[in-house]
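Chains, contacts and geometry: an overview
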Amino acid sequence: MAKPTIVNRMRVLILAAHPRTVQSIAQRAMSRALEGIAGVTLRDLYALYPDFNIHAETEQEILLAHDLIVLQHPFYWYSAPAIIKEWLDIVLEAGWAYGAGGTMLAGKYLMTAISTGGRADFYHAKGRNRFTIEDLLAPFNQTAHLCGMAYLAPFVVYAARKQSAGDLATAAESYRQLIEGFARGKIDPTEHLAAGYHLPDGFKRRHAL
Amino acid sequence: MSLNDFLLGSLLYLAAAVISAPIAKRLGLGSVLGFLAAGAIIGPSVLGLVGNEGEAVKHFAEFGVIVMLFLVGLELEPSKLWQLRQKIFGLGLLQVAGTALVVGAASLVISSGWRESLAIGLILALSSTAIVLQTMEEKGTLKTPVGQSVFSVLLFQDISVIPMLALLPLLAVASAHGGDDHSASLIAGYPVWAQALFTIGAVGLVLVAGRYLMRPLFRIVADTGTREIFVAFALLIVVGITLLMGLVGLSAALGTFLAGVVLADSEYRHELEMDLQPFKGLLLAIFFIAVGAGIDFSLIASGPMLLGLSLTAFILLKLATHFGLARLFGLNGPDTSRFSFALAQGSEFGFVLITFCAGLGLLTGDMPGLLTAVIALSMAAAPLLMMLDEKVLQPRFADGDFLRDHDAVSHSGADVIIAGHGRFGMTIGRVLNAQGKRTVVLDLDSSQVDTLRRFGFKVFYGDALRLDLLEAAGAKEATVMVIAIDDREKATELVKIARHNFPHLKLLVRVFDRSHAYDLIREGVDNVYREVFGSSMDLAKDALMALGVHPYEAQRTITRFRALDEKLLRTSAAHANDESKLIDLAKQSRAEIARVFAADKGGGQTPPDVAWHDDDKSTP
Ligand SMILES: Cc1cc2nc3c(=O)[nH]c(=O)nc-3n(C[C@H](O)[C@H](O)[C@H](O)COP(=O)(O)O)c2cc1C
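Below: a short report on this structure. Residue numbering note: each chain is counted from 1, following its sequence as written. Each chain is given a letter, starting from A, and each ligand a number, starting from 1, according to the order in which they appear as written. Reporting in this predicted model follows two pLDDT cut-offs: at least 70 for local features of residues, and 80 or more for side-chain atom pairs to be given and counted; totals over whole chains, interfaces and linings ignore these cut-offs and use all residues. No hydrogens and no water enter the side-chain calculation; it runs on all heavy atoms of the structure.

**What to know about the sheet that holds strand β1 (residues 416-419) of chain B**
Residue and element names in this part refer to chain B. Two strands pair under a simple rule: DSSP has to find at least two bridges between them. Secondary structure elements follow DSSP: runs of H or I of four or more residues count as helices, runs of E of two or more count as strands, with numbering from the N terminus. Judged by pairing direction, the sheet is parallel, and its 6 strands sit side by side in the order β3-β2-β1-β4-β5-β6 without closing on themselves. Single-partner strands in this sheet number two, and they are β3 (459-461) and β6 (527-530). Taken pair by pair, the neighbouring strands of this sheet meet at an average axis angle of 20°, ignoring direction. Sheet topology note: the strand β4 (residues 480-483)/strand β5 (residues 506-511) ladder contains 4 bridges and is parallel. Its bridge partner being in β5, V482 is matched across the sheet by L508. All axes here are fitted lines through C-alpha atoms, helices being fitted over the stretch that makes contact, and every angle between N-to-C directions spans 0 to 180 degrees.

**Section: a nonpolar patch on the surface**
A cluster of nonpolar side chains, contributed by I41(B), V46(B), L47(B), L49(B) and F297(B), occupies part of the molecular surface with about 450 Å² of accessible area. In this structure, F297(B) sits in helix α13 (residues 297-302). Excluding any residue in a salt bridge, patches collect residues exceeding 30% relative accessible area, merging like charges within 9 Å and nonpolar Val, Leu, Ile, Met, Phe, Trp and Tyr side chains within 5 Å. Using a 1.4 Å probe, accessible areas were evaluated by the Shrake-Rupley method; residue-level cover was limited to the displayed protein chains. Definition used for salt bridges: Asp or Glu carboxyl oxygen within 4 Å of a side-chain nitrogen of Lys or Arg.

**Details of the site of the ligand**
Being near a molecule or strand, for a residue, comes down to having at least one heavy atom within 4 Å of it. The full set close to the ligand counts 18 residues, and H18(A), S24(A), I25(A), Y123(A) and D609(B) are the nearest of them. Mapping the residues near the ligand onto chains gives chains A and B. Polar contacts, as used here, are pairs of N or O atoms within 3.5 Å; protein pairs need one atom able to donate a hydrogen and one able to accept it. Residues neighboring in sequence count only if both atoms are side-chain atoms. A distance of 2.7 Å separates an oxygen atom of the ligand from a polar side-chain atom of S24(A). Here W77(A) contributes a backbone N or O atom positioned 2.7 Å from a nitrogen atom of the ligand. Relative to its unbound accessible area of 630 Å², the ligand is 87% covered by the protein chains. Gly falls in the polar group here, along with every residue not listed as nonpolar (Ala, Val, Leu, Ile, Met, Phe, Trp, Tyr, Cys, Pro) or charged (Asp, Glu, Lys, Arg). Here the residues of the shell around the ligand sort into 9 nonpolar, 7 polar and 2 charged.

**Thoughts on empty space enclosed by the protein**
Rolled over the atoms, a probe as big as a water molecule pinpoints where empty space is left. Only protein atoms enter the 1 Å grid used here, on which a cavity is any set of points holding a 1.4 Å probe that cannot leave and a pocket is any open set flanked by protein within 12 Å on both sides along at least five of seven lines; residues with an atom within 4 Å of a point are listed as lining. Grid points are joined across faces, edges and corners, and a volume is the space filled by probe spheres set on the points. Inspection of the entire model under this criterion finds 2 cavities of 30 Å³ or more. Looking at the lining of the largest cavity, the elements with two or more residues in it are α4 (82-91) and α6 (138-146) of chain A. Each residue belonging to the lining of the largest cavity can be placed in one class, and the counts come to 9 nonpolar, 1 polar and no charged. Quantified by volume, the second largest cavity comes out at close to 30 Å³. Forming the boundary of the second largest cavity are F75(A), W77(A), Y78(A), G117(A), G118(A), Y123(A) and W612(B).

**Considerations on the packing of helix α5 (residues 85-107) of chain B against helix α14 (residues 304-328) of chain B**
Working note: a packed helix pair is described by the angle between its axes plus the distance between those axes. All names here are of chain B. Where α5 meets α14, the closest approach of the two axes is 10 Å, and the angle between their N-to-C directions is 145°. Two packed elements cross with a definite hand, and for α5 against α14 that hand is right-handed. Across the interface between the two elements, L91, L94, Q95, G98, T99, V102, V103 and A106 of α5 pack against F314, L317, K318, T321, H322, L325 and L328 of α14. Here the residues of the contact of α5 with α14 are counted per class, giving 9 nonpolar, 5 polar and 1 charged. Throughout, a crossing is termed right-handed when the near helix is turned clockwise from the far one, and left-handed when it is turned anticlockwise from it by less than a right angle. For this analysis, residues touch if any pair of their heavy atoms sits within 4.5 Å.

**A few points about the pairing of strand β2 (residues 40-44) of chain A**
Residues and elements named next belong to chain A. With 5 bridges connecting them, strand β1 (residues 12-16) and β2 associate as parallel partners. Bridge assignment links V12 to a residue of β2, and that residue is V40. Here the term right-handed applies to a crossover when the path leading from its first strand over the helix to its second strand runs clockwise, the strands being oriented away from the viewer. Traced from β1 through helix α1 (residues 26-33) to β2, the parallel crossover comes out right-handed.

**Observations concerning the interface of chain B and chain A**
Taken together, the contacts link 20 residues of chain B with 22 residues of chain A. When the buried area of chain B at its contact with chain A is split by residue, Y552(B), W612(B) and H613(B) rank highest and sum to 38% of it. For the pair chain B and chain A, the interface holds 2 salt bridges. As a salt-bridge pair, K162(A) and D614(B) come within 3.1 Å of each other at their nearest N and O atoms. Where chain B packs against chain A, one counts 8 residue pairs in polar contact (both at pLDDT 80 or more). Listed by contribution, the elements that provide at least two residues to the side of chain B that touches chain A are α24 (551-573), α25 (579-601) and α26 (610-613) of chain B. Sort the elements by how many residues they give to the side of chain B that touches chain A and α24(B) lands first, with 5 residues. Here the side of chain B that touches chain A is composed, by residue class, of 5 nonpolar, 7 polar and 8 charged. Once two parts are joined, some of their accessible surface, as seen by a 1.4 Å probe, is lost; buried area is that loss totalled over both.

In structure tokens form, the structure reads like this:
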């Protein structure tokens with residue numbers, strides 16, 4: 001696979017969504033870990049849109065100013081909390097993100113960063129949850145593909161609340177290193193694509209690959 | 001006057017004020033009338049408790065009028081004054097000229113000739129700034145459009161006194177060296193052009209000093225942090241301007257008014273207002289009492305017929321002229337009436353002009369006495385006349401009895417009828433219009449209707465309680481009726497009418513408080529909206545957020561609280577008359593709210609994830 005010769009710095013947008021921030025442990029630790037990294041914007045969707053009245057234009061403008069979009073949230077019912085879905089429904093308009101002329105996101109990167117209640121071994125064809133995390137995140141994978149984006153391997157903190165404070169801190173730290181690596185151009189995102197992900201044509205055109 | 005005399009006089013005036021004001025208020029008469037009556041009672045004609053010093057007291061208390069105009073000026077920024085220019089110089093000029101001609105012409109019947117009549121006309125054209133402004137301020141009507149018209153006229157009258165003082169001597173050519181020293185200012189000896197220069201200079205001085213000198217001075221004075229000094233400085237300014245204007249023969253009221261305008265956008269405005277307010281109130285009270293005391297009952301007794309006729313004729317002529325003018329200037333029915341009645345009396349400045357003209361030989365024989373009595377009595381009648389307008393005529397306007405007819409309401413298949421387009425209904429209308437819904441709006445406040453029309457809203461003047469009007473508005477075809485009238489009884493009444501005649505209409509009703517909501521819920525209305533409930537919820541939410549609560553949490557809290565409170569409202573409605581039951585329900589509701597929020601918070605505990613991460617044996 002051809003790759004860009006130089007790794008570029010990326011402007012990273014974290015779209016964080018947790019409906020009950022007061023009760024959050026894992027997500028809070030993850031958000032805290034990102035504080036102070038240059039080139040990283042964190043937006044708390046539930047705080048910005050407590051009435052779910054998401055403003056598409058604002059969000060689109062912000063998207064355009066970033067290269068890597070991270071959906072960071074607790075894993076709820078094998079998916080994302082409601083506002084993430086609402087955000088996708090409202091912001092990724094036809095003719096803007098997809099469909100005829102919808103190329104505004106092409107060439108950008110999408111990643112999911114989640115914490116789960118279930119242990120890693122549950123997420124397995126033979127495990128209690130019967131599917132792998134990657135299987136369950138297929139809608140995000142395909143969303144990225146349709147929009148001409150590169151979909152990166154998800155960052156997962158399993159059994160987040162069962163972890164000791166120390167373990168959680170370690171997980172949060174590796175999350176920070178990953179994001180900071182992307183932001184500073186130290187980590188090559190194309191080496192972090194989700195398993196088996198083929199870059200869509202829109203992405204390749206944008207990067208002249 | 002010895003100190004004791006002074007104190008005794010003060011005692012009498014203050015006692016009269018303190019006793020009369022509450023009584024007049026209780027009787028619903030307004031304080032001005034109370035003061036006038038109290039003055040008449042303690043005056044020489046009745047009890048004789050105060051005597052000849054009344055004149056001196058009046059002059060002293062006229063200072064209250066000056067302070068009042070300063071305060072009026074403070075509330076009127078230059079830009080607003082500029083907006084009033086047409087009213088001041090159009091309506092004001094026509095009022096003075098028109099009334100002077102009409103009243104003057106009528107006075108030919110009793111005067112010695114056209115010169116005397118013209119003088120009479122000019123004297124009587126003026127209205128009492130003190131009475132009118134005080135009364136309107138008490139009623140809160142000064143800021144309304146008609147209040148502004150009245151004010152503009154009063155302002156022009158004040159201005160017009162200056163040329164009057166200059167021109168009346170010319171009228172008195174007969175008495176070649178007329179003019180006592182009422183106009184005698186220090187500059188009287190100079191040629192006219194120099195006088196004009198002095199006058200312009202004085203006004204300019206007030207304006208420039210107000211703009212550039214007073215503010216820094218105020219800052220210095222305010223920095224002392226001594227309130228008394230600040231008050232003293234404020235009074236110093238007013239007194240200073242009064243004297244300066246006196247020097248050049250200008251109206252002091254006008255001068256202080258201008259100073260007030262100049263200071264209107266300064267940061268000290270509110271402090272000035274607060275500090276001068278008591279002086280104004282007290283001085284005006286004394287002024288009104290002095291006017292009351294000055295009413296010469298013996299004169300009334302000696303020629304009751306002539307006086308009675310003159311007084312009636314004067315008031316009627318003035319009313320008629322004002323009616324005509326108001327119509328000419330496009331005021332609507334109710335406002336025409338308000339305007340005309342407000343200004344239908346003589347002015348305190350008339351007394352000064354009478355003495356002035358008598359000195360010129362323009363007024364002869366019994367005329368000065370008669371005019372003085374007419375003015376004084378018309379001033380006494382003024383509050384009564386305004387009350388007549390307010391209590392008798394205005395309600396009939398509101399009932400649509402005369403002058404302003406209900407508008408011919410047209411609708412092209414409206415979706416919504418909005419009854420009441422005040423602050424509440426207007427917002428609703430705007431939202432509905434934004435969604436392209438067709439609204440028909442009915443409102444009973446005619447000036448509001450006119451204003452809104454100018455802003456392009458489709459608003460009709462009319463009483464929504466009238467069945468024919470509702471039908472004309474399309475009640476049969478409409479889907480929804482919004483009842484947003486700010487009158488509790490009328491709202492309830494309209495609900496009954498609508499439910500009875502247009503049962504298909506979905507009613508959404510603004511209510512005032514819980515008990516009003518109970519009434520309507522029992523009337524069968526589901527959609528009741530407590531008028532300030534929504535905004536208090538909004539504020540509560542922002543308060544939570546200001547305390548660091550996450551916005552989404554705050555939003556949910558408010559939504560749930562609201563739902564629980566609405567539920568309480570509805571269950572309580574059935575027991576509206578049973579207080580102990582209501583208390584019971586309120587307590588239950590509070591417990592429920594506590595329970596819901598506790599559960600929601602997980603008792604402050606972070607809910608465990610056990611079910612997600614432990615092997616669950618019960619899972620099939
Ligand atoms: C409504 C809800 C749904 C959940 N659904 C899942 C799920 O499908 N799979 C899972 O592994 N954990 C699930 N969990 C557990 C959350 O993922 C876990 O509590 C969260 O990641 C911990 O992060 P926090 O401390 O920031 O809240 C769920 C939790 C809640 C409250």
